[in-house]
Amino acid sequence: MKRTYVLIPLVSMLFVAGTVWAKGSTSMATASNGWLIHAATLPPASSYHRILKATRSRGYVHGTDELIGAIKRAARTVFRRRGGIPLVVGNLSRLGGGDIASSVSHNSGRDVDVAFYMVRTSGVPVVPVRYYHFDSQGRSGSFRFDTVRNWELVRSLLTDPNIQVQHIFLYAPLRKLLIEYARASDDAPWLVARAEEVMRQPRHSSPHSDHFHIRLYCTLDDRLSGCLNTGPTWEWVDNFTRDVDRVSLRLAGDFHHADTAVAIASIQEVGRIRGGSAVEELGRALGDSRFSVREAASQAISVMDNASFVVPELIRQVRQSKDPRWTLSVVRALAQIRDVASAPLLLSVLSSTVDFSDETRTAAAQGLGGMVYLPAIPHLISCLLEDARPLREASATALHRITNHHFGSSRASHARWVRWWNKNQLKSRMDWVEASFSRRGIGLSSNRGHHVARRLLYCIRKGGADGFNARALIQHVTGFFIERQYYNDLQLFRLYQSWFRRRGVEAANETSVDTTGVSFERLQH
């Protein structure tokens, strides 16, 4: 254990809610939207492994202590048990984590790409200097997928008591080869079952026919520092929820501490580790007499997965508040939570020109746009006549997100919005989205499937309302949709680009696109 957690009253801001820090790596937030503190470094080479030259030159050679240790142990195990060739390692993470080129993960030090072990047709092992794509039969030119060594690698990772493996992304036919070999080798049924769960061909990216992509779960100490797992939690995995809950409930005991700094730090720590077990206590902290404590509680609630539990209390706070600062803080929290139960309240805030400040109404507009609340459209249009520029801009942005139309945020744009609304209010939202894209040359009735796909991808890369509605259109046409929660615009672009390519969109110049099944025909098959 790299850190010791001592839950004591906060006596110094050098301590974070009673957490005593020591040296060691820390994986923060998610694999796709996180960072890495005090990273460990994988050496360029040893008797058991090699790092690809391109990876070394980019500096993508860092990870958590656990990941670096697991790579070394697994490489050594395969070397010793199956003959002396090294494991070839590709991308890990940057020194401080964050985005790396051509990837939507590897952000927080828990991901590593590893080249397949391979042999020549004669059976002689080969140390690859790059990745090689293998077909469904495990062939790549004169090379063959080394089922024996690759299974030994997987086996070593899944039996390593120091780590918990979440994913080993792998091309489905190669996965089949490994599972069949494992069963024929009489490996333990529980081990084979775990391998079947963990080894998956990813849905939203390349099929991984040229390398393994391995991801570890957050460790206990990293979970208690703010590391977040996304995706499946296998039945045999300890996600440390009970530990997080226990720590959160202990921290909740300090939410009303007489020392305001202690109270705020405890609340912020619970928010950072997403301590959902303390959400009820956070709701009670909304009634604290100190504004700074209440504000910290509202911010912590807004990031909780179970924030909806406290939405009724947040609504009550807005209705009873006589403090404009507090009203603004709560409205901002509701806007971030985006629970539709709060939409009527946010709409009443937006529509009131007397009871709420322009800043609070701006936050309400942002929330209504975020939850795509259609009844807000005429009220948002009315706000375009307001004097406050931030309110007009927030209303125009919300209208853009909801309708996919953008006529500007000036007072002059109000008349255009009124005309558009009078003409189109009986149509569906997807009618609005399609009509707007059609005007920009992204028409679903065109014969330019490749062109349409490329323009939609550009919109996703651009982000904002255009990106959101481009993804909505793709979902409408194909049923495919990726939630934005854990990805930035560039990552979403890469995921959709990979998905399009896998369905032949790059060659879809002759494919018609309509709204019935529509084509992106090549996308669906």
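What counts, and at which threshold
- Residues numbered from 1 in each chain as written.
- Predicted model: local features only at pLDDT ≥ 70, side-chain atom pairs only at ≥ 80, totals over all residues.
- Heavy atoms only, no water.
- Helix = DSSP H or I, 4+ residues; strand = E, 2+ residues; numbered from the N terminus.
- Contact = heavy atoms within 4.5 Å.
- Areas by Shrake-Rupley, 256 points an atom, 1.4 Å probe, with all protein chains shown as cover.
- Core = buried A, V, L, I, M, F, W, Y, C linked by side-chain atoms within 4.5 Å.
- Buried < 20%, exposed > 50% of the residue type's maximum accessible area, 1.4 Å probe, protein only.
- Phe/Tyr/Trp six-rings, centres within 6.5 Å; stacked < 30°, edge-to-face > 60°.
- Lys NZ or Arg CZ within 6 Å of the ring centre and 35° of its normal.
- Axes fitted to C-alpha atoms, helices over the stretch in contact; angles between N-to-C directions.
- Parallel < 35°, antiparallel > 145°, perpendicular 65-115°, else oblique.
- Nonpolar A, V, L, I, M, F, W, Y, C, P; charged D, E, K, R; others polar.
- Expected span 1.5 Å × (residues − 1).
- 1 Å grid on protein atoms, 1.4 Å probe; cavity = no way out; pocket = protein on both sides within 12 Å on 5 of 7 lines; lining within 4 Å.
- Points joined across faces, edges and corners; volume = space filled by probe spheres on them.
- Disulfide = S-S within 2.5 Å.
- Salt bridge = Lys/Arg side-chain N within 4 Å of Asp/Glu carboxyl O.
- Pairing = 2+ DSSP bridges.

Peer 1: What am I meant to see in the overall build of the protein here?
Peer 2: On a plain count of helices and strands, the protein comes out with 22 helices and 16 strands. Across the protein, every contact between residues at least 6 apart in sequence was considered, and the portion connecting residues at least 24 apart equals 67%. Accessible surface, the protein as shown: approximately 23,100 Å² in total, 51% of it carbon and sulfur.

Peer 1: For this particular structure, what's the right way to read the nonpolar core?
Peer 2: General note: in soluble globular proteins, nonpolar side chains tend to be found buried as a group. By size, the foremost hydrophobic cluster in this structure holds 67 residues, and its most contacted members are Ile267, Leu282, Leu334 and Leu350. With 50 residues, the next largest nonpolar core counts Val165, Ile168, Tyr171 and Ala182 among its residues.

Peer 1: Looking at this structure, I do not really get the packing of aromatic side chains. What am I missing?
Peer 2: In this description, a pair of aromatic rings is defined by centroid distance and the angle of the planes. Across all of its chains, the model carries 15 aromatic pairs by this definition. Ring geometry for phenylalanine 134 against phenylalanine 145: centres 6.0 Å apart, planes inclined by 70°, an arrangement best described as edge-to-face. In this pair, phenylalanine 134 sits in the loop between β11 (125–126) and β12 (139–140) while phenylalanine 145 sits in strand β13 (residues 143–145), placing the two residues eleven residues apart along the sequence. Put simply, the rings of Phe407, Trp417, Trp420, Trp421 and Trp432 touch in pairs and so form one group of aromatic residues. When the ring centre of tyrosine 132 is taken as origin, the NZ or CZ atom of arginine 130, which lies over that ring, is 3.9 Å away. Here the guanidinium or amino end of arginine 325 rests over the ring plane of phenylalanine 291, the centre of that ring lying 4.0 Å away.

Peer 1: Even after reading the chapter, I still don't get the packing of helix α14 (residues 358–370) against helix α16 (residues 389–403), so can you show me in this structure?
Peer 2: Close contact between α14 and α16 brings their axes to 8 Å; oriented N to C, the two are set at 5°. Regarding the angle of α14 to α16, the classification is roughly parallel. Here Asp358, Arg361, Thr362, Ala365, Gln366, Leu368, Gly369 and Gly370 of α14 lie close against α16, whose contacting residues are Pro390, Leu391, Ala394, Ser395, Ala398, Arg401 and Ile402. Class assignment for the residues of the contact of α14 with α16 results in seven nonpolar, five polar and three charged.

Peer 1: Help me understand α14, please; the structure alone is not making it clear to me.
Peer 2: An α-helix turns once per 3.6 residues; consequently, residues spaced three or four apart project the same way. Taking 1.5 Å per residue as the helical rise, α14 with its 13 residues ought to reach 18 Å, and the 18 Å between its terminal C-alpha atoms agrees with that figure. With respect to burial, α14 is a largely interior element, ten of its 13 residues being buried. Residues of α14 that are buried include every one of Thr360, Arg361, Thr362, Ala363, Ala364, Ala365, Gly367, Leu368, Gly369 and Gly370, and no others. Along its buried surface, α14 packs onto α12 (324–337), α13 (343–351), α15 (377–382) and α16.

Peer 1: Is there a simple way to think about empty space enclosed by the protein in this case?
Peer 2: In this structure the tally under the stated criterion is four cavities of 30 Å³ or more. Estimated volume of the largest cavity: approximately 60 Å³. If you trace the largest cavity, you find it lined by Leu67, Ala70, Ile71, Ala74, Leu87, Val112, Val114, Leu153, Leu157, Ile214 and Leu216. Considering each element in turn, the lining of the largest cavity owes the most residues, four residues, to helix α2 (residues 65–82). Within the lining of the largest cavity, the residues separate by chemical class into eleven nonpolar, no polar and no charged.

Peer 1: Can you help me understand unusual backbone geometry in this one?
Peer 2: Both trends apply: most residues other than glycine have a negative phi, and most peptide bonds are in trans. Phi at alanine 29 takes a positive value of approximately 60°, unusual for a residue other than glycine. Turning to its location among the elements, alanine 29 is positioned in the loop between β3 (26–28) and β4 (35–37). For alanine 29, a relative accessible area of 12% puts it in the buried group. Residues other than glycine seldom take positive phi values, yet serine 102 does so here, at roughly 60°. Within the secondary structure layout, serine 102 lies in the loop between β8 (87–89) and β9 (111–115). Classification of serine 102 by relative accessible area gives exposed; the value is 69%.

Peer 1: Explain the state of the cysteines here, please?
Peer 2: Structurally, a disulfide amounts to a covalent bond that connects the sulfur atoms of two cysteines. Taken as a whole and assessed by the stated rule, the structure comprises one disulfide. Note on cysteine connectivity: cysteine 218 is disulfide-linked to cysteine 227, with sulfurs 2.1 Å apart. Given an S-S torsion of about -75°, the disulfide between cysteine 218 and cysteine 227 has left-handed geometry. Here cysteine 218 matches cysteine 227 in class, with each residue buried.

Peer 1: Teacher, can you tell me more about the pattern of salt bridges here?
Peer 2: Note on pairing: side chains with opposite charge can pair once their charged atoms come close. Following the criterion strictly, the structure yields 24 salt bridges and no others. Measuring nitrogen to oxygen at the nearest pair gives 2.8 Å for the salt bridge that ties aspartate 243 to arginine 246. Within this pair, aspartate 243 and its partner arginine 246 are both found in helix α7 (residues 241–252), separated by three residues, close to a single helical turn. Aspartate 243 gets classed as buried once you look at its relative accessible area, which sits at 15%. Judged by its relative accessible area of 38%, arginine 246 falls in the partly exposed class. The shortest N-O distance in the salt bridge between arginine 361 and glutamate 386 comes to 3.0 Å. Pair noted here: arginine 361 is in helix α14 and glutamate 386 is in the loop between α15 and α16, with a separation of 25 residues, a long-range link. Just as arginine 361 is buried, glutamate 386 falls in that class too. Three or more residues are tied together by salt bridges with common partners; here these are Arg81, Arg82 and Glu152.

Peer 1: For this particular structure, what's the right way to read the sheet that holds strand β10 (residues 118–120)?
Peer 2: Strand-to-strand pairing in sheets goes through backbone hydrogen bonds, with the strands running parallel or antiparallel. The four strands lie next to each other as β11-β10-β13-β12, forming an open sheet whose pairing is antiparallel. Strands at the two margins of the open sheet, each flanked by one partner only, are β11 and β12.

Peer 1: What is the right way to read helix α3 (residues 147–158) from this model?
Peer 2: With twelve residues, α3 ought to run about 16 Å at 1.5 Å a step, and its terminal C-alpha atoms sit 16 Å apart, in line with that. With ten of twelve residues buried, α3 is to be regarded as a mostly interior element. Those residues of α3 not exposed but buried are Thr147, Arg149, Asn150, Trp151, Glu152, Leu153, Val154, Ser156, Leu157 and Leu158.

Peer 1: Would you explain the pairing of strand β16 (residues 211–216) in this entry?
Peer 2: Regular strands place side chains that alternate from one sheet face to the opposite one. Among the six residues that make up β16, six are buried, leaving the element largely enclosed by the rest of the structure. Bridge count between β9 and β16: five bridges; the pairing is antiparallel. Paired with valine 112 across the strands is isoleucine 214, a residue of β16.

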